[in-house]
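Secondary and tertiary structure notes
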Amino acid sequence: MRAHFDLAVIGSGPAGQKAAIGAAKLSKRVAIIEARACIGGVCTHTGTIPSKAIREAVLHLTGFRMRSVYGVSYQVKRDVSMADLIFRVEHVVRIETDVIRAQLQRNNVTCLYGPASFVDPHTLAIAAADGEDRITADFIVIATGTVPARPADVPFDGERIIDSDGLIHMERLPRSMLIVGGGVVGTEYACMLAALGVRVTLVDGRPRLLEFVDAEISEALQYQMRLMGVRLRLGETVDAIRRANEHVEAVLASGKKLHAETLLYAVGRQGNTARLNLAAAGLSADDRGRLKVDDHYRTDVPHIFAAGDVIGFPSLASTSMEQGRLASFNAFGGDVVSDRKLLPYGIYTIPEVSMVGPNEQELTKNLVPYEVGIARYREIARGQLVGDESGMLKLLFHQQTRKLLAVHIIGEGATELVHIGQAIMACAADIDYFVNTVFNYPTLAECYKVAALDGINRMLSARPTLRAGLSPARLADVNGSTRDVPLMPAPAEATAAPAQTAPAAAIAGTRR
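Analysis parameters
Residues numbered from 1 in each chain as written. Predicted model: local features only at pLDDT ≥ 70, side-chain atom pairs only at ≥ 80, totals over all residues. Heavy atoms only, no water. Patch = residues over 30% accessible without salt bridge, like charges linked within 9 Å, V, L, I, M, F, W, Y side chains within 5 Å. Areas by Shrake-Rupley, 256 points an atom, 1.4 Å probe, with all protein chains shown as cover. Salt bridge = Lys/Arg side-chain N within 4 Å of Asp/Glu carboxyl O. Helix = DSSP H or I, 4+ residues; strand = E, 2+ residues; numbered from the N terminus. Buried < 20%, exposed > 50% of the residue type's maximum accessible area, 1.4 Å probe, protein only. Pairing = 2+ DSSP bridges. Axes fitted to C-alpha atoms, helices over the stretch in contact; angles between N-to-C directions. Contact = heavy atoms within 4.5 Å. 1 Å grid on protein atoms, 1.4 Å probe; cavity = no way out; pocket = protein on both sides within 12 Å on 5 of 7 lines; lining within 4 Å. Points joined across faces, edges and corners; volume = space filled by probe spheres on them. Nonpolar A, V, L, I, M, F, W, Y, C, P; charged D, E, K, R; others polar.

1. Here's the deal with a nonpolar patch on the surface
On the surface, a cluster of nonpolar side chains totalling about 380 Å² of accessible area is made up of Val69, Tyr70, Tyr74 and Val76. Mapping Val69 onto the fold places it in helix H4 (residues 67-70). Assessed through its relative accessible area of 45%, Val69 is described here as partly exposed.

Structural data, given as structure tokens:
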């Protein structure tokens, strides 16, 4: 076979799927090439979907969510096994694979199976059991994702010393596990295993987990992990890993020796580009197998694009989807609008962590005057109903304009809740939207109103009288009477505009 396509996509993960469908929507002839026998890529078969399916199975079977209500001994099933978890994984993966295949078929995307490699900048060879097929394409998108990093000095054996791909193939749950690496993957699995009663020790060389996350949220996560029984060895590096009889031993640079039944090595991932023969296309990868792209996801070769985990941070399925869509639209000159500053981050630890926008440290570094508003789940009726008393939603907003700058959340439903703040930021609105809007009760979304009022109250209590030249807002004071309290600088073009009336709920010293 030597067929020609307008676009060939290497890899059928989130980035590859959206790149292929995006081009198909432009009436282009598209082929997607998957090295595995099944469509979906790493995301569907060993990464995002399996790990989140395991998480949901853990939370359900252990009754973890309801322990604050029914007691720490509450659980739905005793002696949860690895087979119980994999049952849930296989069910979800099967359905997800069918959905992806149907989407590609509906859009007339040709699916080809086998490892792909470049023959020249426009030609791809696809290895098959009975030989080799070749196709050509005007444009190519590389969306091959990543594989777990496997350093030569780590003696992986697939049984006691494993990587994240190997975890879902364990035959039984170990009594203890040592996790090396406190990134997203290591931290998520540490929480899941601890909820199952596995004695987990997590080692990471950084002073705190997930350093790109807001410091207050990261510290709250560490506190919750310790409550679950996770031993955190932060600021420690591993010098040697070896198997010792029926256990694994890790020797730290500080001289400590840690022992566990199993060791999960989760320090970084490697771009899955080794078999692509990039040199034949005029490309090269960095020392971690990643490809460099410009703002349009174009590589150094103008007709070859790359998207998803293979181009590096943030390496999230959600961002990969958007990158793949933009790559294919940019290839064919499509008119695409996407605000990359509003990409949300979701981390499926226990509890969940999610955020959109900069953290406090970044705002401080950039000299942005901001204020903080916080709502705690224990103050929200829905928080009590779902059994989460430790969750927190945090708003960062500009002190003068009150524009919403960022949302940071830890707790039940964090990865869903964050999209409300993302939408408000996309509209360049201020936190008064939350004050003036009615939320269903009881819901976790009510946290936005409580956090907005908390932030306004912080400003009022800190500076009850503000300098002249600010437009007044009518607020109700504690006794119910009204008074003028200046809150926002009057825009230059609207100094003569009538005063805005704010709701009576925003009063100093109250949150509702």
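Having seen the model, we can carry on.
2. Notes on the sheet that holds strand S21 (residues 392-398)
Overall, antiparallel pairing links the five strands, which are arranged S18-S19-S22-S21-S20 in an open sheet. Across the chains shown, the open sheet's two edge strands, defined by having one partner strand only, are strand S18 (345-347) and strand S20 (370-376). Taking the axes of each pair of neighbouring strands and ignoring which way they run, one obtains an average angle of 10° across the sheet. With three bridges joining them, S18 and strand S19 (residues 353-356) adopt antiparallel strand pairing. Along S19, the bridge assignment pairs Tyr345 with Met355. Sheet strands touched by helix H12 (residues 414-426): S18, S19, S21 and strand S22 (404-410). Its angle to S22, the strand with the most contacts, is close to 175°.

3. Some words on the pattern of salt bridges
The tally for this structure, following the rule as stated, stands at 24 salt bridges. Two residues, Glu56 and Arg65, come together in a salt bridge whose shortest N-O distance is 3.4 Å. For Asp157, the salt bridge goes to Arg243, with nearest N and O atoms at 2.8 Å. Remark: Arg243 occurs in strand S12 (residues 238-244) and Asp157 occurs in the loop between strand S7 (146-148) and strand S8 (161-162); sequence separation between them is 86 residues. Bridged by salt links that share partners, the residues Arg55, Glu56, Arg65, Glu352 and Glu412 form one connected network.

4. Some thoughts on the sheet that holds S12
With antiparallel pairing, the three strands of this open sheet are ordered in space as S12-S13-S14. Whereas interior strands pair on both sides, the edge strands pair on one side only; in this sheet they are S12 and strand S14 (257-260). On average, each strand axis in the sheet is tilted by 20° relative to the strand beside it, whichever way the strands run. Bridge count for strand S13 (residues 247-252) against S14 is four bridges, and the pairing is antiparallel.

5. Description of the pairing of S19
One face of the sheet, then the other: side chains in a regular strand alternate in exactly this way. The alternating pattern of S19 places Val353 and Met355 and Ser354 and Val356 on opposite faces, both of which are buried. Between S18 and the antiparallel strand that follows it, S19, lie five residues.

6. Concerning the side chain of His303
Here His303 shows up in the loop between strand S16 (269-271) and strand S17 (304-306). By relative accessible area, which is 12% here, His303 ends up buried. When residues no more than four places from it in sequence are discounted, the contact partners of His303 are Pro121, His122, Asp138, Phe139 and Ile140.

7. Some remarks on empty space enclosed by the protein
For the structure on display, the rule yields three cavities of 30 Å³ or more. Reported here for the largest cavity is a volume of approximately 50 Å³. Around the largest cavity sit Ile54, Val58, Met82, Leu85, Leu167, Met170, Leu173, Tyr189, Met192, Leu193 and Leu196, which together line it. Put simply, the parts of the chain that give the lining of the largest cavity at least two residues each are helix H3 (48-62), helix H5 (82-106) and helix H7 (184-195). Here the element with the most residues in the lining of the largest cavity is H7; it accounts for three residues. Looking at side-chain class alone, the lining of the largest cavity contains 11 nonpolar, no polar and no charged residues.

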